[in-house]
Amino acid sequence: MTEAATTARHNVVAATSDELRDEVRAWLAEHVPDGWREQQSGATRDEYIEFQRWWFAEMRSGGYLVPHWPQEHGGGGFSIAEQVVLHEEVARAGAPRLQLHFASLYHLPATLLHAGSEAQIARHLPAILEGTVWCQGFSEPDAGSDLASLRTRAKAVDGGYLITGQKLWTSMAEYADWCMLLARTDPTAPAHHGISLFLLDMSSPGVELRALRQASGAAEFCELFLDDVFVPDDCLVGAVNDGWRIAQSTLSAERGLTMLELTERLRFGFRRLVEQLATDRSAELADSWSRDALGASYAELEALRHLCGQLVDQLVAHGGVGVEASVVKVIYSEALQRFATLAVELEGLPAQMSSGLLLGAGWESGHAMQDFINSWMWTIAGGTNEIQRNVIGERMLGLPREPRVTL
């Protein structure tokens, strides 16, 4: 952490929760730009990247970019409780989301700090603080929710591996410098074995990207094609054939606080919707159906917030989260869909009007139709809700596993 960032932090590790909350709230009030949503609505690709990099630099200068990293690696060394405060205040301030850098700040560091070599940590973590962008190459055309069935192959050769295959739904791959990639190193092993985790330089020969345009008009995802791409031995994370365990154990640690922030942002979106209705469409609030629907949405979001609190308690007590993360994911995604649907219904015809695409605002941007379209992604991403319900039934409720049907 820079000297300026350390000074800005005011020794928050020793501060009480209230002191930290006041400090973060004051910093955000000074640094979150007024009207950034309006300014970024309809922004070009280059304008979006420039804004994301600017906000990245702002968060770093304040000492709030990587509070979850250890101090010896340039992070803030925040406790879980302190991270909760920061996530809550960032969401409540309606600050931009660092979507461009999400995998760089969370997934890759968690993986390397858990299973990476000292050389990998020393090489990649400082580069992330300078702005290196990472993506995550996990899902494939026939291996989305059933990730263990992935077919991308990594063949051992002199000095490294040749990787061939295809990845799908690779978020921010178009902008990424590096990719954290899962590939099968032993095709004869059972499904959850024989998989290894690699660090892939996206400028390597044999890497091809094709952007996927979504219904909202955004192109956040890419298809990633790999044709005998050489990855050196020092880019293998952990032991060969241990990639599945590494991916599961390291990424789960981030789910609790991520879901907490997303829930707080959804609650922020609810408050903004009510304020908008009170200002522009007060007749809607006088309608009994609207009041009932808003009351039901408020109650659902409050219940979700308390459930996230339990998830954080699990994270504090055990250092990670279990099946509870699947419960929160299902409830959050479906609450998001219902809220987005309600916003479209309450706004009426104006919601059908075309508005400039707004990236970096999460899934409660205030553009009702965009939020509605984007909300459906959440019942698919991160494992479909059908798969999550299987996980909940088998691992939490102890229900018998349903037989797999082969067509």
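None of these values were measured; they are calculated from a predicted model.

To continue, consider the environment of Ala43. When you line up the elements, Ala43 lands in the loop between α3 (36-40) and α4 (45-62). Put simply, Ala43 and Gly356 are 313 residues apart on the chain and 7.5 Å apart in space, counted from C-alpha to C-alpha.

In this section: the confidence of the model for the protein chain. Mean pLDDT over the protein chain works out to 89, with 92% of the residues at or above the 70 mark. Note on residues 1-15: pLDDT is under 50 here. Beyond four places in sequence and across chains, it has 33 contacts.

Two quantities define a packed helix pair, namely the angle between the helix axes and the distance between the axes. It is at 8 Å that the axes of helix α12 (residues 324-347) and helix α13 (residues 368-375) come closest, and there the two elements cross at 150°. In terms of their interaxial angle, α12 and α13 are classed as roughly antiparallel. For the pair α12 and α13, the crossing hand works out as left-handed. In contact with Leu336, Gln337, Ala340, Thr341, Ala343, Val344 and Glu347 of α12, α13 contributes Ala368, Met369, Asp371, Phe372 and Ser375. Residues that form the contact of α12 with α13 fall into these classes: seven nonpolar, three polar and two charged.

On inspection of all chains with the given rule, the structure shows 21 salt bridges. As a salt-bridge pair, Arg25 and Glu89 come within 2.9 Å of each other at their nearest N and O atoms. One end of the pair, Arg25, is in helix α2 (residues 17-31); the other, Glu89, is in helix α5 (residues 80-92), and 64 residues separate them in sequence. Relative accessible area serves as the criterion here: at 43%, Arg25 is assigned to the partly exposed category.

Once that is clear, we can look at the environment of Ser149. Within the fold, Ser149 resides in the loop between β1 (134-137) and β2 (153-157). Its relative accessible area of 27% is what places Ser149 among the partly exposed residues. Taking the C-alpha atoms as reference, Ser149 lies 9.7 Å from Ser139; in sequence the two are ten residues apart. Aside from chain neighbours lying at most four places away, what touches Ser149 is Asp142, Ala143 and Arg184. Within the structure, the side chain of Ser149 is placed 3.1 Å from the backbone oxygen of Asp142, a separation counted as a polar contact.

Parameters and conventions
- Residues numbered from 1 in each chain as written.
- Predicted model: local features only at pLDDT ≥ 70, side-chain atom pairs only at ≥ 80, totals over all residues.
- Heavy atoms only, no water.
- Helix = DSSP H or I, 4+ residues; strand = E, 2+ residues; numbered from the N terminus.
- pLDDT = per-residue confidence, 0-100.
- Contact = heavy atoms within 4.5 Å.
- Axes fitted to C-alpha atoms, helices over the stretch in contact; angles between N-to-C directions.
- Parallel < 35°, antiparallel > 145°, perpendicular 65-115°, else oblique.
- Left-handed = near helix turned anticlockwise from the far one by under 90°.
- Nonpolar A, V, L, I, M, F, W, Y, C, P; charged D, E, K, R; others polar.
- Salt bridge = Lys/Arg side-chain N within 4 Å of Asp/Glu carboxyl O.
- Buried < 20%, exposed > 50% of the residue type's maximum accessible area, 1.4 Å probe, protein only.
- Polar contact = N/O pair within 3.5 Å; in protein donor to acceptor, adjacent residues only side chain to side chain.

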